[in-house]
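What the coordinates show
Okay, here's what each chain looks like letter by letter:
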Amino acid sequence: MMGSYPQWLATGLLGLVWSTFAAAAPPPEAASCAACHGAQGQGMPAANYPRLAGLPAGYLAEQLQHFADGKRQNAIMAGMAKPLSPEAIQTLAAYYASLPVPTEAAGSPPEAALLERGAWLAQYGDLAKGVPACFRCHAAEGVGVPQHFPPLTGQSAKYLADQITAWQQGTRRGDPLGLMQTVATRMSAEDTQAVTAYLAAQKPKAAVVSQPGQGGGQ
Ligand code: HEC
Ligand code: HEC
C-alpha cells in the first residue's frame, strides 16, 4: 500500500525532530539532578559530584538501580534513586548518556612523583601486586568502553578514590564479575592517591568504541 509520502521520509523527519528535541530539552525527571550533577550533567568536581554526561546509558541505569537496592551505599543517591520508576531510570540514563563529554579536566596536575606513579599505574599497572593497567579495561586515556566500563576522566580525584575505598570496604558492590572489586582490593592507599590524581588531571574525551550490536558511541 502506498501512502501519500514515502515511509523513509516520515521516519527520517521523526528522527530529526526527536534528536533536536532530545538535545534541547531535559526530561522532567532530570530537574532534581541538576543541582548536584550540573545542568549539562557535567558534574561538580569541586564538590565531588560526579559527571554523568557521556557515561554509557547501561552503566548509568545500573548504578541508579544499585543505589536504590543498596548494592551501592550512598545516603544522598539512595534518596534520589528509590522513588524512580524503571521507566524514569531508563529515560534519565539515556538522557545523560546523550550529553556532550565535558572538555575540562576535573583537577590540576599533582606534583611530579605522584603524576608519574599514577600515569604508570593507569597505563601499565603494577604486576608484582596483581594490579592490572586501568586502561586495559577502561580504554586508552580512560575514555571508557560502553556499556560496562565507565570513563575515569572528568571526575574529581576524591570521587574516584572514594569509589576504590568503597569497593575495598564492601559498600560498593554489583560490578560485573567483581572485576573492579578485585582490582581495588589489591591497591594501596598510595596507589589510589597517585592514580586518581593522575586521572583527574586528564582532559576527558568521548569513548571511541562500543560493543558489537549495541550501536552508537554510547
Ligand atoms: C544532593 C546532590 C545530588 C543530587 C540531587 C543527585 N545526585 Fe547523583 N550523586 C551525588 C553524589 C554525591 C554521588 C556520588 C555517590 C558515591 O560516592 O557513591 C552521585 C552519584 C550518582 C551516579 C553514579 C555516577 C557514577 O559515575 O557511577 C549517578 C548515575 C547519579 N548520581 C545520578 C543521579 C540522578 C539521575 C539524579 C536525579 C534523579 C541525581 N543523581 C541527583 C549527588 C547527587
Ligand atoms: C578488569 C577490568 C578492570 C580494570 C583492570 C580496572 N577496572 Fe575500574 N571498573 C571496571 C568495571 C567493570 C567498572 C564498573 C563497575 C560497576 O559497574 O559497578 C569499573 C569502575 C571503576 C570506577 C568507578 C567509576 C565511577 O564513575 O563511579 C573507578 C573509580 C575505577 N573503575 C577505577 C579504576 C582504576 C583506578 C583502575 C586501575 C588501577 C581500574 N579501575 C582498573 C573494571 C576494571
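Here, every reference points to the structure presented above.
Thresholds, definitions, all that
Residues numbered from 1 in each chain as written. Chains lettered and ligands numbered in written order. Predicted model: local features only at pLDDT ≥ 70, side-chain atom pairs only at ≥ 80, totals over all residues. Heavy atoms only, no water. Helix = DSSP H or I, 4+ residues; strand = E, 2+ residues; numbered from the N terminus. Areas by Shrake-Rupley, 256 points an atom, 1.4 Å probe, with all protein chains shown as cover. Polar contact = N/O pair within 3.5 Å; in protein donor to acceptor, adjacent residues only side chain to side chain. Near = heavy atom within 4 Å. Nonpolar A, V, L, I, M, F, W, Y, C, P; charged D, E, K, R; others polar. Domains from an automatic or database assignment. Donors = N, O, S within 2.8 Å, 3.2 Å for Na, K, Ca; no water. Tetrahedral: all angles 85-135°; square planar, octahedral: opposite > 155°, others 65-115°. Buried < 20%, exposed > 50% of the residue type's maximum accessible area, 1.4 Å probe, protein only. Phe/Tyr/Trp six-rings, centres within 6.5 Å; stacked < 30°, edge-to-face > 60°. Contact = heavy atoms within 4.5 Å.

Overview of the overall build of the protein chain
- Along the protein chain, the regular secondary structure elements total ten helices and zero strands.
- Reading the protein chain from its N end, one meets helices and strands in the order α-α-α-α-α-α-α-α-α-α.
- Summed over its atoms, the accessible surface of the protein chain is roughly 12000 Å², and 63% of this surface lies on carbon and sulfur atoms.

Some words on the side chain of Gln-147
- If you trace the backbone, Gln-147 turns up in the loop between helix H7 (134-138) and helix H8 (157-169).
- A distance of 3.4 Å separates a polar atom in the side chain of Gln-147 from the backbone nitrogen of Ala-57.

Section: the site of ligand 2
- For ligand 2, the set of nearby residues contains 24 residues, the closest of which are Cys-134, Cys-137, His-138, Tyr-159 and Met-180.
- One of the side-chain nitrogen or oxygen atoms of Tyr-59 is found 3.1 Å away from an oxygen atom of ligand 2.
- The separation between an oxygen atom of ligand 2 and a polar side-chain atom of Gln-63 is 3.2 Å.
- Contributions of two or more residues to the shell around ligand 2 are made by helix H3 (57-69), H7, H8 and helix H9 (179-185).
- Sorting elements by how many residues they give to the shell around ligand 2 places H8 first, with five residues.
- Class assignment for the residues of the shell around ligand 2 results in 18 nonpolar, four polar and two charged.

Some thoughts on the site of ligand 1
- Around ligand 1 sit 22 residues in total, of which Cys-33, Cys-36, His-37, Tyr-59 and Met-77 are the nearest.
- Separating an oxygen atom of ligand 1 from a side-chain N or O atom of Arg-72 is a distance of 2.8 Å.
- Within the side chain of Tyr-159, a nitrogen or oxygen atom sits 3.1 Å from an oxygen atom of ligand 1.
- Listing elements by their share of the shell around ligand 1, those giving two or more residues are helix H2 (34-37), H3, helix H4 (75-81) and H8.
- At five residues, H3 tops the list of elements feeding residues into the shell around ligand 1.
- Within the shell around ligand 1, the residues separate by chemical class into 15 nonpolar, six polar and one charged.
- Residues lining the shell around ligand 1 come from more than one domain, with at least three contributed by each of domain 1 (30-98) and domain 2 (112-200).

Examining the coordination of the iron atom of ligand 1
- Every protein donor of the iron atom of ligand 1 is accounted for by His-37 (NE2) and Met-77 (SD), and the metal-donor separations fall at 2.0 to 2.2 Å.
- Taken together, the six donor atoms coordinating the iron atom of ligand 1 and their angles of 86 to 178° define a geometry best described as octahedral. Taken together, the residues span a long stretch of sequence, with His-37 in helix H2 and Met-77 in helix H4 at a distance of 40 residues.
- For Met-77, a relative accessible area of 17% corresponds to the buried category.

A short note on the packing of aromatic side chains
- Considering all chains together, one arrives at two aromatic pairs under this definition.
- Taking 4.5 Å as the distance between ring centres and 55° as the angle between the ring planes, the aromatic pair formed by Trp-120 and Tyr-124 counts as tilted. With a gap of four residues between them, Trp-120 and Tyr-124 both fall in helix H6 (residues 112-124), about one helical turn apart.

Quick look at the coordination of the iron atom of ligand 2
- Protein coordination of the iron atom of ligand 2 is provided by His-138 (NE2) and Met-180 (SD), with donor distances spanning 2.1 to 2.2 Å.
- Around the iron atom of ligand 2, the six donor atoms are arranged such that angles at the metal cover 86 to 179°; this shape is classified as octahedral. On the criterion of sequence distance, the pair formed by His-138 in helix H7 and Met-180 in helix H9 is long-range, its members being 42 residues apart. In terms of burial, His-138 and Met-180 fall into one category: buried.

Observations concerning the environment of Phe-67
- The topology assignment puts Phe-67 in helix H3.
- Setting aside anything within four residues of it in sequence, one finds Phe-67 in contact with Arg-72, Asn-74, Met-77, Ala-78 and Ala-81.

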